Each structure stands twice: as C-alpha cells, then as structure tokens.
Amino acid sequence: MQLARVTGTVTATAKDPRLAGQKLLMVDFLDAGGAVQGGAQVAVDTVGAGLGDTVVVAMGSAARMGAGLTTLPVDAAIMAIVDQVSTA
Amino acid sequence: MQLARVTGTVTATAKDPRLAGQKLLMVDFLDAGGAVQGGAQVAVDTVGAGLGDTVVVAMGSAARMGAGLTTLPVDAAIMAIVDQVSTA
Amino acid sequence: MQLARVTGTVTATAKDPRLAGQKLLMVDFLDAGGAVQGGAQVAVDTVGAGLGDTVVVAMGSAARMGAGLTTLPVDAAIMAIVDQVSTA
Amino acid sequence: MQLARVTGTVTATAKDPRLAGQKLLMVDFLDAGGAVQGGAQVAVDTVGAGLGDTVVVAMGSAARMGAGLTTLPVDAAIMAIVDQVSTA
Amino acid sequence: MQLARVTGTVTATAKDPRLAGQKLLMVDFLDAGGAVQGGAQVAVDTVGAGLGDTVVVAMGSAARMGAGLTTLPVDAAIMAIVDQVSTA
C-alpha cells in the first residue's frame, strides 16, 4: 500500500452512477520520512479521512476489498489514517 | 484513480472486435494542481468526455467495472468528468 | 491502454508451452505526439501488427481478455493498429 | 516481487477492521546490489520481518495469496526474509 | 511482459511455505537494445533460466498463469529464455 497525504477533494457531476455518494480525495504518495515521491491519485475514502491527513492507500484490485466497494470502478481506496510512522 | 486531461482521439480500423463502437481517448495524468505528470494513456470513455476535459480514469481491472466493459480488453476507462479539484 | 510503436521481434525456443505459436513483439510506449516515453515491453500480437506500426497495447489482466489468450501467461497484448491520433 | 528493506513501522487506529492485528511495515525497494531504487510502500508482514531486514515483497493481487490475507484490502505483503543475494 | 536479464539468485530460509523449492532470481528490465531500464525484480523461474540469460518475465497476475504457480504468492515469473531480439 502507499503512504500518502490527502491534498484535495474532487467534485464530479457526470460520473459512473456507482460513484454517487463516494468521497473522492486527491492524495500524494510519501516516503517513510514524509517527503512527497510523486504519484498523485484520486482515492475513495473508507475511513473518514480529511485534508492533510496521512493515510494508507490500497491500490489496484485491493481497493475493491474495501467495505462496500466490491463492484465499484475504483483502483485506489484509503484504508487507514496513520497515527505515526516509526523509523527506528 | 488518475486525475487526467483528455488530449486526443485514437482511430483504429484493425482492432479486437469488442472495441468496435468504443470511443478511445488519449489522456495525460495530472497532479492536484493540474500539471501534467507523465503517463499518457489510451482510455475508453464511459461518461461522454471530450477534448480538454479533466477526468477521473480507473486503471487496471477497475476499468472493466465500467458499465458494459466487463469482457472488453481494456485497462483504462474514464469514470467521471471533474467539475472542480479543491485543495484547501 | 498504452499507445506504442512496434520496434522488434522476440524469438525464444525455451518457453512456457502455451506461448508456442504466439508472435512476441517489442514495443515502446508513446505519448499523444508520438514521442517515446520509456516502458519497453514484450507484447503478444492479436491483430497482425508489424515493425513500425503504432498500436494500442492492453496491459495486465486486460491482456488476457484478448481472443484466445485467457489462460496464457501474458500481461501485454496488442489490441489495435492505430490509423490516426487526432489531438485537436 | 520486489527486493526491499524494512525501514519503519506504521501505526493506525482508524482503519479498515480487517487490518486489525496486522503488522504494517514501511519498505524501500532495492536493486540487486542493495541500493535503494525508490518505491516506498506499506506492506503487511507474514514472516516475522523486522527493521533493517532485507525482504521479498509480493505486490498487487499476489499479496493476497499470503496466508490469511485472501480477503484483506492489501496490495503488498512480505513473503520472505532474504539470507543472501548472490550476483555471480 | 518485460525483457530482462538474470543478474542474481536470492536465498531465503524464512519464507511463505509455498515458495519452498522455487528458484528466485534477480532480474533487471531491458529495452529492445539490451540496455538496462531499471526495475530490478525477484522472479520465479519456470524455464530453467540462469545467470546472464536474457528472459521474458510475466508480471502481476500473469505470473501465476505459469505452470504450477496458480496458488503461489508471486507477481513475477520467467516464461521464456530469449534467443534473439530482432529490431529490423
């Protein structure tokens, strides 16, 4: 999974109907030290994440293992809000 | 999913017959600020997107979760047209 | 999917038996303007593509949605020969 | 799979309930000589790996082939602790 | 699939039991001209490849289409030993 920071919110009126009611967040991927390492993504939120939160994002088919996401056309979902990354 | 901008249209006569009638669009991946971050792709359109639109693209097996795409040989599909990316 | 150009042919005697009779082509990924953007791949051909052709390549599990490829150990397959990429 | 080094531990209280009790480790991808080649990831541990260990990480759906991981929303799992990489 | 060169062998005592008896090789990805283009990976061997061989590597779920690999936690498998890459 990717360590990431929530950087924005995406609003879309014209969309696949199964995305209705889903919160779509922009995230940037981070390294262990918290530095951005590219890879901006649009991720569905499953845990109540907000702007500035550090999160764990499941990518690919793993995203659809999220609660209620099985049949959604999504490939990125926030699965955790990070309290701490300990590197020693 | 990827935030992306539609940059072109792909025409192909010789193709897998299941791609017949599908609109194939070129997209560039964007970061939250709208800057291109590489990753040109050919994506199937499912929401009526056009040149210059900012869109959300589902990649990999998620693309085939799009309406009518289950058995198509596609790994990228436009799932939403973006109204706004709010970063604060 | 990836816009790509066919750059070579791969010959292999020792291989998974299910690859027997499959044409394996080298491709380079392109951006909408036709510039190489890295990502050399070995792709199975399903549409009669040849050296120098601009093609559309399905990646990952999408490759195995190609006709006759369901059980093959492949993650890249040429699904279309491009006539034109229109960017305006 | 990726050769990687364990660089940290991720703590998260708010998370998908199926991640409860799973050890989440930060890893950096390595080349054969042990140099970091980018790609920081959060991986579930299945083999008792610890900080500084060189490990093999299965990515994507392969991660969920790990013991007990079939229905977890994970796309990266440590499958081996490396004793030695022999390059000659 | 990736054109790649075998650069080393990985030894691991602590590992998922389904990896027992599998030969794990380090590979570097190559372009059509044989130049390394990054992407060191650990791949399972299915065709008797050895150090220095140029090979074709199936990535992702395609790796588990290899003979005997269906239930293994692997995302990269060597599917062919390359005799020649012809670019003209």
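For the structure, check the block above.
As the structure is a prediction and not an experimental result, all values here were calculated from the model.

**Here we look at the overall build of chain A**
Stage number 1. Within chain A one finds zero helices and seven strands.
Stage number 2. Secondary structure of chain A in N-to-C order comes out as β-β-β-β-β-β-β.
Stage number 3. In terms of overall size, chain A behaves like a compact globule, its C-alpha atoms giving a radius of gyration of 13 Å where 88 residues would be expected to give roughly 12 Å.
Stage number 4. For chain A, the spread of C-alpha atoms along the three principal axes comes to 45 × 25 × 20 Å.
Stage number 5. Of all 88 residues assigned to chain A, the portion counted as buried reaches 53%.
Stage number 6. Taken as a whole, chain A presents about 3,000 Å² of accessible surface, with 53% of it coming from carbon and sulfur.
Stage number 7. Looking at chain A, you have 5 positive and 7 negative side-chain charges, and the mean spots of the two groups are 9 Å apart.

**Here we look at the interface of chain A and chain D**
Stage number 1. At the interface, 27 residues of chain A touch 29 residues of chain D.
Stage number 2. Here chain A and chain D share an interface that buries about 2,000 Å² over both sides, 54% of which is from carbon and sulfur atoms.
Stage number 3. The interface formed by chain A and chain D contains zero salt bridges.
Stage number 4. Where chain A meets chain D, there are 13 residue pairs in polar contact (both at pLDDT 80 or more).
Stage number 5. Mapped by element, the contributors of at least two residues to the side of chain A that touches chain D are β1 (2-11), β5 (54-59), β6 (76-81) and β7 (84-86) of chain A.
Stage number 6. The biggest single contributor to the side of chain A that touches chain D is β5(A), with four residues.
Stage number 7. Classifying every residue of the side of chain A that touches chain D by side-chain character gives 18 nonpolar, seven polar and two charged.
Stage number 8. Where β6(A) lies against strand β2 (residues 14-15) of chain D, two bridges are found, and the strand directions are antiparallel. Note on β2(D): the bridge partner recorded for Ala80(A) is Lys15(D).

**Quick look at the interface of chain D and chain E**
Stage number 1. Between chain D and chain E, the residue contacts involve 27 residues of the former and 29 residues of the latter.
Stage number 2. Between chain D and chain E, the buried area comes to about 2,000 Å², and carbon and sulfur atoms account for 54% of it.
Stage number 3. At the junction of chain D and chain E, the tally comes to zero salt bridges.
Stage number 4. Counting the contacts that link chain D with chain E gives 13 residue pairs in polar contact (both at pLDDT 80 or more).
Stage number 5. Mapped onto the side of chain D that touches chain E, the elements with two or more residues apiece are β1 (2-11), β5 (54-59), β6 (76-81) and β7 (84-86) of chain D.
Stage number 6. Per element, the largest residue contribution to the side of chain D that touches chain E is four residues, and it comes from β5(D).
Stage number 7. Its residues assigned to classes, the side of chain D that touches chain E comprises 18 nonpolar, seven polar and two charged.

**Brief notes about the relation of the copies chain A and chain D**
Stage number 1. The operation relating chain A to chain D is a screw motion whose rotation component is 72 degrees, with 0.0 Å of axial translation and a residual RMSD of 0.0 Å. Between the two chains, the operation in question is that of a five-fold axis.

**Observations concerning the pairing of strand β5 (residues 54-59) of chain B**
Residue and element names in this part refer to chain B.
Stage number 1. As paired elements, strand β1 (residues 2-11) and β5 share four bridges and run antiparallel to each other. By the bridge assignment for β5, Ala 4 is matched with Val 55.
Stage number 2. Strand direction decides the pairing type here: β5 and strand β6 (residues 76-81), joined by five bridges, are antiparallel. Within β6, the residue paired with Val 55 across the bridge is Ile 81.

**Observations regarding the arrangement of the chains**
Stage number 1. One thing to see here is that chain C and chain D don't touch, and their nearest C-alpha atoms sit 11 Å from each other.
Stage number 2. Between chain A and chain E there is no contact; the minimum C-alpha to C-alpha separation amounts to 11 Å.

**Describing the pairing of strand β4 (residues 41-45) of chain B**
Residues and elements named next belong to chain B.
Stage number 1. Of all five residues that make up β4, five are buried, and the element is covered over most of its length.
Stage number 2. In terms of strand pairing, strand β3 (residues 24-29) meets β4 through four bridges, oriented antiparallel. Among the inter-strand pairings, Val 27 is bridged to a residue of β4, identified as Gln 41.
Stage number 3. As paired elements, β4 and β6 share two bridges and run parallel to each other. Pairing of Val 44 across the sheet is with Ala 77, part of β6.

**Notes on the environment of Gln22(B)**
Residues and elements named next belong to chain B.
Stage number 1. Checked against the element boundaries, Gln 22 lands in the loop between β2 (14-15) and β3.
Stage number 2. A relative accessible area of 24% means that Gln 22 is categorised as partly exposed.
Stage number 3. Sequence spacing of Gln 22 and Gly 8 is 14 residues, and the spatial spacing of their C-alpha atoms is 14 Å.
Stage number 4. When neighbours within four sequence positions are excluded, Gln 22 is seen to be in contact with Val 44, Leu 69 and Leu 72.

**Some remarks on the side chain of Gln2(B)**
Stage number 1. Structurally, the position occupied by Gln2(B) is in strand β1.
Stage number 2. The class of Gln2(B) is buried, set by a relative accessible area of 10%.
Stage number 3. Ignoring sequence-local partners within four residues, the contact set of Gln2(B) consists of Ala40(A), Gln41(A), Val42(A), Phe29(B), Gln37(B), Val55(B), Val56(B), Val57(B) and Met59(B).

Criteria and thresholds
- Residues numbered from 1 in each chain as written.
- Chains lettered and ligands numbered in written order.
- Predicted model: local features only at pLDDT ≥ 70, side-chain atom pairs only at ≥ 80, totals over all residues.
- Heavy atoms only, no water.
- Helix = DSSP H or I, 4+ residues; strand = E, 2+ residues; numbered from the N terminus.
- Rg over C-alpha atoms; globule rule 2.2 N^0.38 Å.
- Buried < 20%, exposed > 50% of the residue type's maximum accessible area, 1.4 Å probe, protein only.
- Areas by Shrake-Rupley, 256 points an atom, 1.4 Å probe, with all protein chains shown as cover.
- Lys, Arg positive; Asp, Glu negative; His and termini not counted.
- Charge placed at Lys NZ, Arg CZ, Asp CG, Glu CD.
- Contact = heavy atoms within 4.5 Å.
- Buried area = accessible area lost by both parts, 1.4 Å probe.
- Salt bridge = Lys/Arg side-chain N within 4 Å of Asp/Glu carboxyl O.
- Polar contact = N/O pair within 3.5 Å; in protein donor to acceptor, adjacent residues only side chain to side chain.
- Nonpolar A, V, L, I, M, F, W, Y, C, P; charged D, E, K, R; others polar.
- Pairing = 2+ DSSP bridges.
- Least-squares fit on C-alpha atoms with pLDDT ≥ 70 in both.

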